[in-house]
Structure formats: C-alpha cells, structure tokens
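Descriptive structure summary
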Amino acid sequence: EPEVTQTPSHQVTQMGQEVILRCVPISNHLYFYWYRQILGQKVEFLVSFYNNEISEKSEIFDDQFSVERPDGSNFTLKIRSTKLEDSAMYFCASSVAASGSYGGNNEQFFGPGTRLTVL
Amino acid sequence: AQSVTQPDIHITVSEGASLELRCNYSYGATPYLFWYVQSPGQGLQLLLKYFSGDTLVQGIKGFEAEFKRSQSSFNLRKPSVHWSDAAEYFCAVGAPSNTGKLIFGQGTTLQVKP
C-alpha cells in the first residue's frame, strides 16, 4: 500500500540553524501539505501546495519557512533560522484532491512525522 | 473563524464497552468533517469523512459518526471497543475551498481497560 514517508524521523538542531525536513508524498497525489503538532497541543496547518506553488498558508508560516518540490518525488519544508518554539512534530500529507472537492478523493494521507528538537 | 472543539481530553472505557467521542465545530457553511486516529509513533489515519447526504457515516475499524447540523456536532461512535483502539483521536474540518486546509480539534486520548 502506498504511503507518505518522511525523513529524518528525529532532528535535533541548535537555535538559529537551518533545517530541511523531507517528505515523499504518494506518487499520484497532486496536493501536498505540512502540519505541525507542538507537544500536548493540537495539530496545526502550516501550508498547502499545489501545481508548484503555495495555495494557502497559515500565520505560523512566516518568512522563516519555505516549501519546495525540488523534483518529481520530494516535498521539503525549510526553516531558515530555527527558534526554540519551532520544536514540534512536523507532519507531511498528500492527497489526490483538495479537501474541499465535493465527492473527490480528497483523503489526506499523513506521514509518520519528523520530531524537530531545537536546543 | 473555523474551529473544532473536542471537549474530552482523555477518556477511559472498558474493553467491549461502547464509545462516543464528541466533536463540535464552528463554521458558517456546511463543513467537510473528518475523524483521524493517531497511534503512538504513527501518522494520522483517516477513520471516516462526511461531505453531504446521509448524516450517519461508516468508517474503518467499526467506527461510525453522525453529523448533526442543529448541534454543530460530528460525534464518533463504536459499539464495542477493542484494546487496539487505544490511541489519540482527532476531529477535523476542511473548508470548501481548493486549498485542502484541515483544522483539527485538540484530540481525545482513548485508554482501554481490560
């Protein structure tokens, strides 16, 4: 069964450093997402990406964040200068259609997450 | 603004007992509603979803949920809980746009007693 994969599973970094979190979405999916979950809190939407551009981003997704689909298979989230409050579990997800597509196959498949720890 | 509330942070039920997890949403139009389950160390897995039509939807693993517009609720139920159901459950709402954004509730942790 196809699945979303994420690497690394755990990333430890120093405050101010850049990190890149990697995701391989399911191959025939067209919509890609990043969410994060700070320990003990709810899952929060960061960004959605379609047709090689951001379709929506949350207020969390400021200039320190960027996403890229560098090739036909990977989808990355970059944090330029990490802060302590960026420590969280980051989930990548992908779907064939967007969640608003009525009747469409819009289930979002989530990866297992990358736990980012900023020291 | 859209929001999702799961009033119960933690629920404990005995194996074989019935289960109901509550979810209330705030949204101006008819939302797209989802229930996800997260087992320790795993990603989120979709249990079921509601778009329109029959307000009682069936999902995987024997779960069902009922959409009640008058109560702005989408409660998840299971008639007989198994020990393997112990996990965290998230209710989410998706806006009827083309961006795919999901808004999650705080989650309910389910513990199953033998």
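Use the structure listed above.
Residues numbered from 1 in each chain as written. Chains lettered and ligands numbered in written order. Predicted model: local features only at pLDDT ≥ 70, side-chain atom pairs only at ≥ 80, totals over all residues. Heavy atoms only, no water.

**Examining the overall build of chain B**
Our working rule: Numbering of helices and strands runs from the N terminus; a helix is a DSSP stretch of H or I covering at least four residues, while a strand is a stretch of E covering at least two. In this treatment the radius of gyration is a C-alpha quantity, and the globule benchmark scales as 2.2 Å times the residue count to the 0.38 power. To sort residues, take the accessible area from a 1.4 Å probe on protein chains only and compare it with the maximum for the residue type: under 20% means buried, over 50% means exposed, and anything in between is partly exposed. Residues count as neighbours in contact if any of their non-hydrogen atoms are within 4.5 Å of one another. In these tables, accessible area is a Shrake-Rupley quantity obtained with a 1.4 Å probe, and a residue counts as shielded only by the protein chains included in the view. Residues scored as charged are limited to Lys and Arg (positive) and Asp and Glu (negative), so that His and the chain ends carry no count. All charge positions are set by atom: Lys at NZ, Arg at CZ, Asp at CG, Glu at CD.
The helix and strand tally for chain B stands at zero helices and 12 strands. When the helices and strands of chain B are listed from N to C terminus, the series reads β-β-β-β-β-β-β-β-β-β-β-β. Expected size for 114 residues packed as a compact globule is a radius of gyration near 13 Å; at 14 Å, chain B falls within 12% of this value. Principal axes of the C-alpha set define a box for chain B whose edges measure 45 × 30 × 25 Å. Taking all 114 residues of chain B together, 47% fall into the buried category. Put simply, 54% of the contacts in chain B that link residues at least 6 apart link residues at least 24 apart. Carbon and sulfur atoms make up 49% of the accessible area of chain B, which totals about 5,100 Å². Charge separation in chain B, taken as the distance between the mean sites of 9 positive and 8 negative side-chain charges, equals 5 Å.

**Some remarks on the packing of aromatic side chains**
One pair of aromatic rings is described through two measures. These are the centre distance and the angle between the planes. Rules: Any pair of Phe, Tyr and Trp rings, taking the six-membered ring for Trp, is counted once the centres come within 6.5 Å. Such a pair is stacked with planes under 30 degrees apart, edge-to-face with planes over 60 apart, and tilted for the rest.
In this structure the tally under the stated criterion is 21 aromatic pairs over all chains. On the basis of an interplanar angle of 85° and a centroid distance of 6.2 Å, the ring pair of Phe90 of chain B and Phe104 of chain B is categorised as edge-to-face. Here Phe104 of chain B lies in strand β11 (residues 102-104) and Phe90 of chain B lies in strand β10 (residues 87-94), a separation of 14 residues in the sequence. Both residues of the pair, Phe90 of chain B and Phe104 of chain B, belong to the buried class. Through a chain of ring-to-ring contacts, the aromatic side chains of Tyr33, Tyr35, Phe45, Phe91 and Phe110 of chain A together with Tyr32, Phe34, Tyr36, Phe51, Phe90 and Phe104 of chain B assemble into a single cluster.

**A closer look at the side chain of Arg36 of chain A**
Residues and elements named next belong to chain A. One can find Arg36 in strand β4 (residues 31-37). The exposure class of Arg36 is buried, given its relative accessible area of 9%. In contact with Arg36, other than residues within four places in its own chain, are Lys42, Val43, Glu44, Leu46, Ile60, Glu85, Asp86, Ala88, Met89 and Tyr90.

**Quick word on unusual backbone geometry**
A cis amide bond links Thr7 of chain A to the next residue, Pro8 of chain A, at an omega of -10°. Of note, Asn51 of chain A is a non-glycine position whose phi angle comes to about 55°, a positive value. Residue classification places Asn51 of chain A among the exposed residues on the basis of a relative accessible area of 59%. Here Ser72 of chain B, not a glycine, exhibits a phi torsion of approximately 50°, which is positive. As for its placement among the helices and strands, Ser72 of chain B is situated in the loop between β8 (64-68) and β9 (73-78). Look at Ser72 of chain B and you get partly exposed, because its relative accessible area is 25%.

Scope: geometric values only; no functional claims are made or implied.
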